[in-house]
Amino acid sequence: MNIIHISAECYPVAKVGGLADVVGALPKYQNNSEISSQVIMPFYDIKFTQQNTFSSVFESELYLGEKTYKYRILKLKNKSLDFEIFFVDVPNLVFKDYVYSFDDTKRFLAFQIAALDWMLTWKKLPDIIHCHDHHTGLIPFMLQECFKYEVFRKTPNILTIHNAQYQGWFSHDNVNLIPAFDFNNVGLLDWGGTINPLAAAIKCAWKVTTVSPSYMEEMKESANGLESLLLSESDKSIGILNGIDWKVWNPETDLSIVKNYNQKTVASGKKANKKELCDTFNLDIDKPLFAFIGRLVGEKGSDLFPEAFKIALQNPNISILLLGSGNKETEAQLEALKKDFDGQYNAFIGYDEKLSHIIYAGADFLLMPSRVEPCGLNQMYALRYGTIPIVRSIGGLKDTVVDVSEENGFGICHEDVTVSDITTAIERGLELYENKPQIKKIKAQIMKIDHSWNASAKQYINLYKSIN
Ligand SMILES: Nc1ncnc2c1ncn2[C@@H]1O[C@H](COP(=O)(O)OP(=O)(O)O[C@H]2O[C@H](CO)[C@@H](O)[C@H](O)[C@H]2O)[C@@H](O)[C@H]1O
C-alpha cells in the first residue's frame, strides 16, 4: 500500500511545532514490507534545504487564478530520513525563509495544486492521500470536486487535525484561485460566510482523525467554530493518540544532551544535564527546576506565566527556566522578570532544538498549563527523559498523564487554567520533590512508559485498510 503524507512541516526539514514531529516520525514507523509511506512538503529557503542536495523529478507550470507559476518537484538525494521525501519548489512564491506568514493562502494553494498535478502524472495513483491540518485542507475538496482531478475520485483521503484553532480562512473573492469545479458545490468550501479549508476538509475527507481520543470529544464542544460540523461528521471521525519518535527522543543515545542515561543511570544522567542548564542560566542545582518549552500563545496558557512565576518565585526554594517564543507582550514580560529573580529564574526567548533536549533531560518538572492541547508531545518527551509533567487535564494531556494522588499516578494534574492553578501545581511539585524515595520511584516508572509510535502507527494502518 502506497501512502503519501502531505504537510507544511516535517522534522528535521522544517519545524515550527508538533506537526513536524508527527510527520517526521509516523511514515518511518509505517514503512514495512506491506506499506510504503512517503512525504511531500513545500520547499522553503531554510537551513535544511541549503545544506542538502536534491534532484528534480518533475517540472511543470501551475495555474493560480489568472497567473501561471513554474514549479519543480524535488527529491532529497540522501536517504537520511528513513522514508522518501519530495518537495514542491515554486520559486518566488513558496521558496521563502519562513514556513508561515501573511501570504499563506496563495503559497499553500500553489503547494497543494502542484502536489496533486504531479500525482496526476504517476503511473499508479497512491492508495491513500493523508493530509495534515488546514494547509492541506483543500486537497480533499479538490480531489472530490475539481474537474481536472476526476481520476482521483476513488482514491481514499484522510485528514488529520493537529490543531483545530487554525483553519486557514480566506475570502470568497479568492475562490478563482482554486481549479475549476461545479459552482453549485461551492458551499462545501464555506463555513460562516468565508472559505474555510479545515472545514472543507472535514466535510470532504473520507476519514477525519485527530491526535488524541479526548480532543476528538472536546472538539464537538469547542473547536473555534467547527463544533457542530465535527458533531455531524462524527461517524467518520476518530482520535488516535500521537506517539513519539523513539529514536530521536532517547536519553540513552541523544547526541544533543550533555550526558546520556537510562533507567538505571537516571540520577547521575539528569544531574549532569541539570548542571549544564544551571551553569548556563545561572540557576541553583540544589533547587527543583520547573521548565516550560513551547509556543507562547494563548492555547498553551503562557500569558499567565509572568504573573504565576512572580508568585511562585516568592518561594526561594524553586527555580524556573522557560524556552519559547510567540506573543510579543508575553515575551517582553518574561524577559523583564529576569532582573527581579536573578539566580532563580531565566528564559531563552527564541527557538532552540538542542536546548529543548537538554531541558527535557535536565529539568525536574515540565509545566504544560494548556487551555487547548490536541495531544501534546512535550509531556511524552518529558516522561521518556524522567521529567515529571505538570499538566492541565485536557486533550492528550488527560489521556497520557495520571495524577500522583491516583493509583500508579506519576504526574501533577490541574483542572483549570488560572494563575492559582499554576502556582498550586508548582507547590505540589515542590512537596513531591522533597519526598526523595517517591521521586526516585516515579522517575524509574515514567521512563518505562511506551509512547513510541508502534501502537499508533498500526491504528493508522488499520484505518487505511478500512477504506482501501
Ligand atoms: N522554542 C522552542 N525551541 C525548541 N523546541 C520547541 C520550541 N517550542 C516548541 N518546541 C518543540 O515543538 C514541539 C511542540 O509540540 P506540541 O505537540 O507540544 O505542540 P504544538 O502546539 O506545536 O503542536 C500541535 O500538533 C501536535 C502534533 O499533533 C499536537 O501534539 C499538539 O497538541 C498540537 O497543538 C515539541 O517538539 C517542542 O519541543
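Each value, and the rule that gives it
Residues numbered from 1 in each chain as written. Predicted model: local features only at pLDDT ≥ 70, side-chain atom pairs only at ≥ 80, totals over all residues. Heavy atoms only, no water. Buried < 20%, exposed > 50% of the residue type's maximum accessible area, 1.4 Å probe, protein only. Helix = DSSP H or I, 4+ residues; strand = E, 2+ residues; numbered from the N terminus. Arc of directions from axis to C-beta. Contact = heavy atoms within 4.5 Å. Polar contact = N/O pair within 3.5 Å; in protein donor to acceptor, adjacent residues only side chain to side chain. Near = heavy atom within 4 Å. Nonpolar A, V, L, I, M, F, W, Y, C, P; charged D, E, K, R; others polar. 1 Å grid on protein atoms, 1.4 Å probe; cavity = no way out; pocket = protein on both sides within 12 Å on 5 of 7 lines; lining within 4 Å. Points joined across faces, edges and corners; volume = space filled by probe spheres on them. Pairing = 2+ DSSP bridges. Axes fitted to C-alpha atoms, helices over the stretch in contact; angles between N-to-C directions. Core = buried A, V, L, I, M, F, W, Y, C linked by side-chain atoms within 4.5 Å. Domains from an automatic or database assignment. Expected span 1.5 Å × (residues − 1). UniProt positions renumbered as here; feature names shortened; annotations may be inferred. Right-handed = clockwise from strand over helix to strand, strands pointing away. Salt bridge = Lys/Arg side-chain N within 4 Å of Asp/Glu carboxyl O. Buried area = accessible area lost by both parts, 1.4 Å probe.

Our next topic: helix α10 (residues 328-340). Along α10, the residues that are buried comprise T330, E331, L334 and L337. Buried residues of α10, seen end-on, are gathered within an arc of 120 degrees and therefore sit on one face of the element. Away from its buried face, by an angle of more than 90 degrees, α10 presents the exposed residues K328, E329 and K339. Elements in contact with the buried residues of α10: β12 (289-296), α9 (305-312), β13 (319-326) and β14 (345-349). Looking at where α10 begins, the residue whose side-chain oxygen comes 2.9 Å from the main-chain nitrogen of E329 is N327.

This part covers the site of the ligand. As a matter of local geometry, the ligand sits amid 29 residues, with K15, D21, H162, R295 and E373 nearest to it. In this structure, K300 approaches the ligand through a side-chain N or O atom, which is 2.8 Å from an oxygen atom. At 2.8 Å, a backbone N or O of G350 approaches a nitrogen atom of the ligand. Elements that contribute at least two residues to the shell around the ligand include exactly α1 (18-30), β12, β13, α11 (353-362) and α12 (378-384). By residue number, the principal contributor to the shell around the ligand is α1, which donates four residues. Its residues assigned to classes, the shell around the ligand shows 11 nonpolar, 11 polar and seven charged.

Taken as a whole, the second largest pocket spans an internal volume of roughly 470 Å³. Taken together, 16 residues make up the lining of the second largest pocket; nearest its centre are A267, D364, Y433, I439 and K443. Within the residue set of the lining of the second largest pocket, elements represented by two or more residues are α8 (266-281) and α15 (436-448).

This part is about the sheet that holds strand β15 (residues 365-368). Strand order in the open sheet formed by six strands is β14-β13-β12-β15-β16-β17, and the pairing between neighbours is parallel. Each edge of the open sheet is held by one strand with a lone partner, namely β14 and β17 (412-414). Here the strands of the sheet are splayed against their neighbours by 15 degrees on average, with no regard to which way each runs. One ladder, built from four bridges, connects β15 with strand β16 (residues 388-392); its direction is parallel. Each residue of the ladder has a partner; that of L367, found in β16, is I390.

Before going further, it helps to spend a moment on the nonpolar core. Inside soluble globular proteins, nonpolar side chains tend to come together where they are buried. By size, the foremost hydrophobic cluster in this structure holds 88 residues, and its most contacted members are F309, I320, Y345 and I359. When residues in this core are grouped by element, the largest group, seven residues, is from helix α14 (residues 419-434). Each of domain 1 (2-243 + 454-467) and domain 2 (266-448) contributes no fewer than three residues to this core. Listed in part, the 64 residues of the second largest apolar core include I40, Y69, L81 and V186.

Once that is clear, we can look at α8. Spanning 16 residues, α8 covers 22 Å between terminal C-alpha atoms, matching the ideal 22 Å at 1.5 Å per step. Inspection of α8 places V266, G269, K270, N273, K274, L277, C278 and F281 among the buried residues, and these make up the whole buried set. Projected down its long axis, α8 carries its buried residues within an arc of 165 degrees, all on one side. Looking at α8, the residues exposed on the side facing more than 90 degrees away from the buried face are K271 and D279. Looking at the buried side of α8, the elements it contacts are β12, β13, β14, α11, α14 and α15. Count one or two residues on from α8 and you reach N282, which has phi positive near 55 degrees.

A few words on the UniProt feature "domain: Glycosyl transferase family" (unreviewed entry) in the protein. Feature annotation in UniProt places "domain: Glycosyl transferase family" (unreviewed entry) on residues 282-435, given in this structure's numbering. In residues 282-435, the share of helix is 39% and the share of strand is 21%. The end C-alpha atoms are 25 Å apart.

Quick look at the pairing of β13 now. In regular strands, side chains alternate between the two faces of the sheet. Taking burial as the measure, the eight residues of β13 include six buried ones, the bulk of the element. Sheet analysis places β12 next to β13, joined by eight bridges and oriented parallel. Counterpart to G294 in the pairing with β13 is G324. Crossover β12 to β13 through α9 is right-handed. Where β13 lies against β14, five bridges are found, and the strand directions are parallel. From the neighbouring strand, G324 faces β14, where its bridge partner is I349. The parallel pair β13 and β14, bridged by α10, forms a crossover whose chirality is right-handed.

Here the focus is the pattern of salt bridges. Enumeration according to the criterion identifies 22 salt bridges in this entry. Across the pair D245 and K28 runs a salt bridge, and its minimum N-O distance is 2.6 Å. With D245 in the loop between β11 (237-239) and α8 and K28 in helix α1, the pair connects residues that are 217 residues apart, well separated along the chain. Comparing D245 with K28, the two get one shared label, buried. Across the pair K300 and E373 runs a salt bridge whose closest N-O atoms are separated by 3.0 Å.

It is worth spelling out the domain arrangement of the protein at this point. You can read the domains of the protein as domain 1 (2-243 + 454-467) and domain 2 (266-448). Each partner contributes residues to the interface: domain 1 has 19 residues there, and domain 2 has 16 residues. Summed over both sides, the interface of domain 1 with domain 2 buries roughly 1,400 Å², with 55% coming from carbon and sulfur. Between E353 and K15 there is a salt bridge; the shortest N-O distance is 3.2 Å. Counting only elements with at least two residues in the side of domain 1 that touches domain 2, the list comes to α1 and α6 (213-219). In terms of residue count, α6 provides more of the side of domain 1 that touches domain 2 than any other element does, four residues in total. Counted by class, the side of domain 1 that touches domain 2 contains eight nonpolar, eight polar and three charged residues.

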